[in-house]
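Summary of the model geometry
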Amino acid sequence: MVLDLVLIGTAITLGPMHNSAFILLLSADRGLLHGLVFTLTWLVELVVVVAAVLLLTGGSPPSRHSAPSTAGLVIKLTVGIALVVYGERKRRKGVTRSRGNPRWMARLDRVSRWTAAGLAVLLQPWAMVAAGGATVMNANLSSAVTFVALMGYFLLASATLLGMELYATFAPARAQDELGRLRTAISTHQDQAIVILSLLLGLWLAAKSTYELVKRA
């Protein structure tokens, strides 16, 4: 479980779309507040998904051959296949080394707190979050290691947002220039990042889930 959560959390936090949008939020009027709202909403989404799964399992992993355990593997397999298909289709279309931001990003300089929260919901990579939720089915709340793993997952999946928010808070002048350059780099390599993250995580989830399902057959 721990390795899967690390890989999923890493893929979530490195997603280019939400990071690019977040940088634009920070550079706008009242950017720190909007960035904080975005980050807190992002974290709440992750916590809610995990909490819902733990409520269903009662905090104890289902038996190996039970329907919930098998369903969790099927979910991860489906997400893995979907990510591989998406990444491969994008790779075959050819990646663009430099691309402009979508038109809606140009309006992020005049958004409200509610809009910032809504963006966090829209830009959350829900397929990866679903894979994380399916992984948490194996969590055992009676173990301290489980709590550490879950807290690590939440922090890892939000690491880039937390890092940029703190940087902009304590070094605003320097952060504006540095984050501007980072956004340019993200825009330049956005397609490559999506392809790599989708294929690597998708192959891992699909291969591991298939292996586990075959073992149970």
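Residues numbered from 1 in each chain as written. Predicted model: local features only at pLDDT ≥ 70, side-chain atom pairs only at ≥ 80, totals over all residues. Heavy atoms only, no water.

1. Thoughts on the side chain of Glu45
Within the secondary structure, Glu45 is located in helix α3 (residues 31-57). Buried charge without a partner: Glu45 forms no salt bridge, and the closest opposite charge is Arg113, 16 Å away. Only 2.7 Å separates the side chain of Glu45 from the side chain of Gln124, close enough to count as a polar contact. For Glu45, the residues in contact, after removing those within four places along its chain, are Ala120, Val121, Gln124 and Trp126. (Helix = DSSP H or I, 4+ residues; strand = E, 2+ residues; numbered from the N terminus. Buried < 20%, exposed > 50% of the residue type's maximum accessible area, 1.4 Å probe, protein only. Lys, Arg positive; Asp, Glu negative; His and termini not counted. Salt bridge = Lys/Arg side-chain N within 4 Å of Asp/Glu carboxyl O. Polar contact = N/O pair within 3.5 Å; in protein donor to acceptor, adjacent residues only side chain to side chain. Contact = heavy atoms within 4.5 Å.)

2. Some remarks on the packing of helix α2 (residues 16-27) against helix α8 (residues 159-170)
Between α2 and α8, the shortest axis-to-axis distance is 11 Å and the interhelical angle comes to 20°. Between α2 and α8, the angle falls in the class roughly parallel. Seen along the crossing, α2 lies across α8 with a hand that is right-handed. Contacts from His18, Asn19, Phe22, Ile23 and Leu26 of α2 reach α8 at Thr160, Leu161, Met164, Glu165 and Ala168. (Axes fitted to C-alpha atoms, helices over the stretch in contact; angles between N-to-C directions. Parallel < 35°, antiparallel > 145°, perpendicular 65-115°, else oblique. Left-handed = near helix turned anticlockwise from the far one by under 90°.)

3. Focus on the pattern of salt bridges
For the structure shown, the criterion picks out six salt bridges. A salt bridge links Arg92 to Glu88; the nearest nitrogen and oxygen atoms lie 2.9 Å apart. Taken together, the positions of Arg92 and Glu88, both in helix α4 (residues 67-93) and four residues apart, correspond to about one turn of that helix. Given the relative accessible area of 67%, Arg92 is considered exposed. Salt bridges sharing partners connect three or more residues here, namely Asp4, Lys76 and Lys208.

4. As for the nonpolar core
With 43 residues, the main nonpolar core has Ile8, Ile12, Phe38, Leu46, Val136 and Tyr153 as its most contacted residues. A per-element tally of this core places α3 first, with eight residues. Ignoring anything within four residues of it in the chain, the contact list for Tyr153 reads Leu5, Ile8, Gly9, Ile12, Leu46, Val50, Val129 and Gly132. (Core = buried A, V, L, I, M, F, W, Y, C linked by side-chain atoms within 4.5 Å.)

5. Examining α3
Its 27 residues place the ends of α3 39 Å apart at the C-alpha level, agreeing with the 39 Å of an ideal helix rising 1.5 Å per residue. Backbone geometry just downstream of α3 places Gly58 in the positive-phi region, at approximately 75°. (Expected span 1.5 Å × (residues − 1).)

6. Regarding the packing of aromatic side chains
In the structure shown here, the tally under the stated rule is three aromatic pairs. An aromatic cluster of three or more residues is present, and its members are Phe22, Phe38 and Trp42. (Phe/Tyr/Trp six-rings, centres within 6.5 Å; stacked < 30°, edge-to-face > 60°.)

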